[in-house]
Amino acid sequence: MTRALVLLVAAVALVSRAGAQQLLVPMDDAQTNHLKAYGLTFSALKAGMKAEWLLNYRGGSFLLPDTPELRRLAGLAGISVEGADGTRVGAIRAEIAAGNMDAVPLEKAPKIAVYGPPDTLPWDDAVTLALKYAGIEYTAIYDDEVHRGDLSKYDWLHLHHEDFTGQQNKFHLGYRDAPWFVEVVQKNTAAARRLGYPHIPALKKNIAEQIRQFVERGGFLFAMCGATETLELAMAGLNVDIAGAFADGTPVDENADAKMDWKRAMAVQGARLEQSPFVNSMSDIDGHQVNVPGRRQPLGAFTLFNFSAKFDPVAAMLVQNHRSVLSDFYGVTTSFNKAALKPSVTVLAFEEGAPWVKYVRGDHGKGSWTYYGGHDPEDPQHAIGSPPTDLSLHKGSPGYRLILNNVLFPAAKKKPLKT
Amino acid sequence: MKSHNRGFWLSALGFGLWGFACLAPGIIGAQSREPRAGSTQPVSDSLAFFRALDFEGAGRHREAAPLFRQALRTEQRVSALLGLERVYAELQWTDSLLAPLAQLIREFPGEPVFRAAQLRSLQALDRQDDVAAAFERWVREAPRDPSPYREYARLLLQRGQAVRADSVLLRARRELGAGGELHLETAQARAATGQWEESARAWRLALVSAPYLEQAAAYALAPAPVPVRDAIRAQFFAPPLLVAARRAVATLESTWGSPANGWLALKDLPPDSAGAAAWLDFAQRAEAEERWTHAREAFGAVLRYQHSPEVALRAAVAALNSGDPGGALAIAPLTGGGADSARVARTLLPVHVRALAALGRPSSAERLVTSYERFLTPTGRAALARSIAFGWVRVGDMGRARGALSVAGPDADSSDAAGWLALYAGDVASARKLLRGGADASPELALALALVARLKVDSAPALGAAFLTLARGDTASAATALAGTAERFPEVASLALYTAGQWRARRGDHLNAIPLWKRVVEQYAMSAEAPAANLEWSRALTRGGDRTGAASRLEHMILTYPQSALVPQARRELELLRNTMPTP
């Protein structure tokens, strides 16, 4: 009797599974809104549903439960979806099993924090622009929240513009009298005093240290533009005066390069600081040096590496795309000189023949980090005051997809490596 | 990796070539490129410059070059140097200009034209370090002169190095005090670095001495984001009143999509020639963009300063088109046309006839036309007849309207005007035939054609009455009448209801427009008008502050009509409502 019951339950489960309709969200050129497709997947996870990320299958497609609500959301956002019954799902799985593809379960919507000043508009930052457009929830945090230990509440942290050396990206060279710049300096100085630091560089280095510890404890960090380079400098220079006199009242330690403790940094080693307050560059980490006229390098195109989905799923997730060669774009930090990267760093995207790379990742402690050079993938020469990018005109932006890959990556269930 | 090495070697070779050119004595190098003396007749020094200009004008740059060089020895050396710069640039021999320039600078160290040409030439050769060194030399040798800062800053701006340009200008301010004469360059540098308010302040100062830069100022400030625009306006409106600054802000307002604010920037200018010129420019732009109220006000301002028959006529047309026929008659009276009756018949008469018709005085219009009958061409007469016919329509006398057209001959009687009269009378069959020939691409004609094409009957007096009411200017009653035809003519019900809603919304009566669109959506959900009615309904809700209701309406529209051509627009409006994208 018991055996019969077990068999019946198993049979019912099998039948219901075989007949279950699923929703395939293609991410190749059949997709009409790639960016919102990430938001749809995030919504499914947020609602407690399970999803799968089909790495390298049709541009990194998603498999979601076929529910009326998800269909409604897809219809509203103009996201292409395809109903997939048991037979079709079986065929997809067979195709995945036979090639450099894999299905990664996505289990839980990550809790996302974006580090930035409270009065920043979402349009100032490519990540918040993408999150807003895709409909992915996030919490904006800044120095006060980090200082009181709020980072532990989040799975994923994004940094964008911040200069963690506390030198305001050396914008004093061009903007010292600009009201917005004066206001930024005033607010940061007030925050430093409020939190018990003598000046902005001391505050920012402490914040950088807390971010390092966040990753070490298992957090996911995604940084773009100038935050990548300055975070590395701030971590390695925790006990060194690396800020110019205009920022902390004392000149840079003349032996700063020798005193940097690169073991503390996550990605970089042996970089040289740009000590001149009159040169708008932080170090030789950035390959493009956009704000230094004599050193500025032209933009080219970068290529995404093709990783093994089955053996290197993390890197594979981060490069899922329907394009493999993307146009480059400037930022305060545009790229990372290969010579300055630690051997443990995984290069995700590179420029053919260039001494720099665009997109890198690595592990640190129990967590991991990703750095993506540049400011706005759809505005290659973004300048201060430029109008915000309208993502409804770039619904299939391959550059923005890389950002959103990072957002979903922490939702993936960790599978034991097959090696 | 290989391609990278190749790039390096190519640039190294390039450097070597430039190095060679620099090391070789410039004069020898240049002479070796130019035609030998035998190729042209010897020319005296005094004539060399003019002969060089002739050759340059004829595109014979190789022959112009030695003559310009010869003229460097004369009093025309400055013009000759500029000529030489031009032809060398054409010949791509700019490197050869450096040696004669160096010699000229040694001989005439106080001449800024030579120094500026040196900076330009080095810039053209991409020798950035030499440009910077030449600039520093110039500053050292002329410490109180703003020219080196100006020229160097301009070059940096041309290269897109706005931050460096700004630094040069700041240095000039430190060295020379008070900004000297560098407002233009400061304004450009600040705009290029996104310091919009500071840029506006500098533009304002630049416009004091150079009012012709007004368009440049407007062009440079046009990309300023919305939050800083008030600060820019404040700079240009600051006392004392500066006409060029006001003109710049008027252009900016137009670019920013608020031309009404543009007129506010100009209307209180003092009535003098500069003010009148600003008003006239604004009026002409408004006229071209069919912003008739603004055109009328601006032309009116010009007339108050100085009367001109031509401006009066344009002001009257603008008044008429803006819905003020009485004003049109007053602005351009027939007596203003002088004694030339033929000219009056060509210019002022059509305006007066249209105005009288619009005022519901078609008899007066007819009498006026009769008094000028002998000066009219058949085409002109037919056009006037159409105006008179619409005047009769307006006062409700359809018989006399038709009579007015038939009196004017077959041209008028078979026109789209006749089609409209047929429609007003409910004669769908005739309207269908006559309206098709209408040259006017107005939305009203498109609507009428859509209705008569879909109607399955040849006679629809109720529908005609609705359009007649609209022609008489009673939009609200016309909307009610049109909506009333929906039951009777199911084949056009959705279009009639949708249009009635639009007529009501046009008057700002969104409250009564929504039920009409609601009927389209609910009773005629499969009609072509249903998605459009949904969209209009949502917009009306947004205007009323009900963003949630508007969003759910848009959602309904997108999900119900995924194939509609209006879906992309609906998605965009939904994004804006949800604040998931920046407001345009």
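Conventions adopted
- Residues numbered from 1 in each chain as written.
- Chains lettered and ligands numbered in written order.
- Predicted model: local features only at pLDDT ≥ 70, side-chain atom pairs only at ≥ 80, totals over all residues.
- Helix = DSSP H or I, 4+ residues; strand = E, 2+ residues; numbered from the N terminus.
- Contact = placed C-beta atoms within 7 Å.
- Pairing = 2+ DSSP bridges.
- Axes fitted to C-alpha atoms, helices over the stretch in contact; angles between N-to-C directions.
- pLDDT = per-residue confidence, 0-100.
- Parallel < 35°, antiparallel > 145°, perpendicular 65-115°, else oblique.
- Left-handed = near helix turned anticlockwise from the far one by under 90°.
- Nonpolar A, V, L, I, M, F, W, Y, C, P; charged D, E, K, R; others polar.
- Buried ≥ 20, exposed ≤ 12 C-beta atoms within 10 Å, placed from the backbone.
- Arc of directions from axis to C-beta.
- Core = buried A, V, L, I, M, F, W, Y, C linked by C-beta atoms within 7 Å.
- Domains from an automatic or database assignment.

Considering the overall build of chain A
Moving on, step 1. If you tally the helices and strands in chain A, you get 14 helices and 15 strands.
Moving on, step 2. In chain A, 73% of the contacts between residues at least 6 apart in sequence involve partners at least 24 apart.

Some details on the overall build of chain B
Moving on, step 1. Helix and strand counts for chain B stand at 35 helices and zero strands.
Moving on, step 2. Long-range pairs, those at least 24 residues apart, make up 50% of the contacts in chain B with a sequence separation of at least 6.

Side note on the sheet that holds strand E5 (residues 102–106) of chain A
Strand pairing in a sheet relies on backbone hydrogen bonds. The paired strands run either parallel or antiparallel.
Residues and elements named next belong to chain A.
Moving on, step 1. Taken together, five strands build an open sheet; the order of strands is E4-E1-E3-E2-E5 and the sheet is antiparallel. Because the sheet does not close on itself, it has two edges, and the strands there are strand E4 (82–84) and E5. The mean angle between the axes of side-by-side strands here comes to 30 degrees, regardless of whether they run parallel or antiparallel.
Moving on, step 2. Across the sheet, helix H2 (residues 34–46) lies against strand E1 (22–25), strand E2 (51–55), strand E3 (61–65) and E5, angled at about 35 degrees from E3, the strand it touches most.

Digging into the confidence of the model for chain B
Residues and elements named next belong to chain B.
Moving on, step 1. Averaged over all residues, the pLDDT of chain B equals 84, while 89% of them reach at least 70.
Moving on, step 2. Averaged pLDDT values for the elements of chain B fall to 26 in helix H1 (residues 2–23) and rise to 94 in helix H32 (residues 510–523).
Moving on, step 3. Taken together, the stretch residues 1–32 has pLDDT below 50 and engages in 19 contacts with residues farther than four places along the chain or on a different chain.
Moving on, step 4. Note on residues 35–40: pLDDT is under 50 here. Beyond four places in sequence and across chains, it has six contacts.

What about the packing of helix H18 (residues 292–305) of chain B against helix H19 (residues 309–321) of chain B?
Residues and elements named next belong to chain B.
Moving on, step 1. Running from N to C, H18 and H19 point in directions that differ by 150 degrees, and their axes come no closer than 8 Å. Between H18 and H19, the angle is such that the two are roughly antiparallel. Once H18 is placed against H19, the crossing between them reads as left-handed. Taking contact as the criterion, the partners of Trp292, Ala295, Arg296, Phe299, Gly300, Val302 and Leu303 in H18 are, on H19, Val311, Ala312, Arg314, Ala315, Ala318, Ala319 and Asn321.
Moving on, step 2. Among the residues making up the contact of H18 with H19, the classes are represented as ten nonpolar, two polar and two charged.

Points about helix H3 (residues 68–77) of chain A
Moving on, step 1. Buried within H3 of chain A we find Leu70, Leu73, Ala74, Leu76 and Ala77 of chain A. All buried residues of H3 of chain A fall inside an arc of 165 degrees around its axis, so they share one side.
Moving on, step 2. Considering only its buried residues, H3 of chain A is in contact with E1, H2 and E3 of chain A together with helix H34 (547–560) of chain B.
Moving on, step 3. Among the residues trailing H3 of chain A, glycine 78 of chain A stands out with phi positive, at a value near 75 degrees.

Let's talk about the nonpolar core
Moving on, step 1. If you look at the biggest cluster of nonpolar residues, it comprises 292 residues, and the most contacted ones within it are Ala130 of chain A together with Leu221 and Ala389 of chain B.
Moving on, step 2. For this core, the element with the highest residue contribution is helix H21 (residues 341–358) of chain B, accounting for nine residues.
Moving on, step 3. The residues that make up this core include at least three from each of domain 1 (2–106) and domain 2 (112–411) of chain A.
Moving on, step 4. Apart from residues lying up to four places away in sequence, leucine 221 of chain B is in contact with Ala191, Trp196, Ser199, Ala200, Trp203, Ile232 and Leu252 of chain B.

As for the pairing of E5 of chain A
Residues and elements named next belong to chain A.
Moving on, step 1. On E5, burial follows the alternation: Asp102, Val104 and Leu106 on one face are buried, whereas Ala103 and Pro105 on the facing-out side are not.
Moving on, step 2. As judged from the five bridges shared by E2 and E5, these two strands associate in the antiparallel manner. Bridge pairing links alanine 51 to leucine 106 in E5.

Focus: the environment of alanine 124 of chain B
All names here are of chain B.
Moving on, step 1. If you trace the backbone, alanine 124 turns up in helix H7 (residues 112–124).
Moving on, step 2. Since 17 C-beta atoms lie within 10 Å of it, alanine 124 is described here as partly exposed.
Moving on, step 3. Along the backbone, alanine 124 and leucine 155 are 31 residues apart, and their C-alpha atoms lie at a distance of 9.9 Å.

Notes on unusual backbone geometry
Moving on, step 1. Cis rather than trans, the peptide bond between proline 239 of chain B and proline 240 of chain B has omega equal to 0 degrees.
Moving on, step 2. Assignment of secondary structure puts proline 240 of chain B in the loop between helix H14 (226–237) and helix H15 (243–255).
Moving on, step 3. Positive phi, close to 65 degrees, is recorded for asparagine 56 of chain A, a residue that is not glycine.
Moving on, step 4. Relative to the helices and strands, asparagine 56 of chain A is located in the loop between E2 and E3.
Moving on, step 5. Phi is positive for glutamate 290 of chain B, which is not a glycine, with a value near 60 degrees.
Moving on, step 6. Position of glutamate 290 of chain B among the secondary structure elements: in the loop between helix H17 (273–288) and H18.
Moving on, step 7. A residue is classified by how many C-beta atoms lie within 10 Å of it, and glutamate 290 of chain B, with 10 of them, is exposed.

So, the pairing of strand E10 (residues 301–304) of chain A
Residue and element names in this part refer to chain A.
Moving on, step 1. Residues of E10 alternate between two faces, with Phe302 and Leu304 buried on one and Ala301 and Thr303 left unburied on the opposite face.
Moving on, step 2. Two elements, E10 and strand E13 (residues 346–350), share two bridges in a ladder whose sense is antiparallel. Bridging across to E13, leucine 304 finds its partner in alanine 349.

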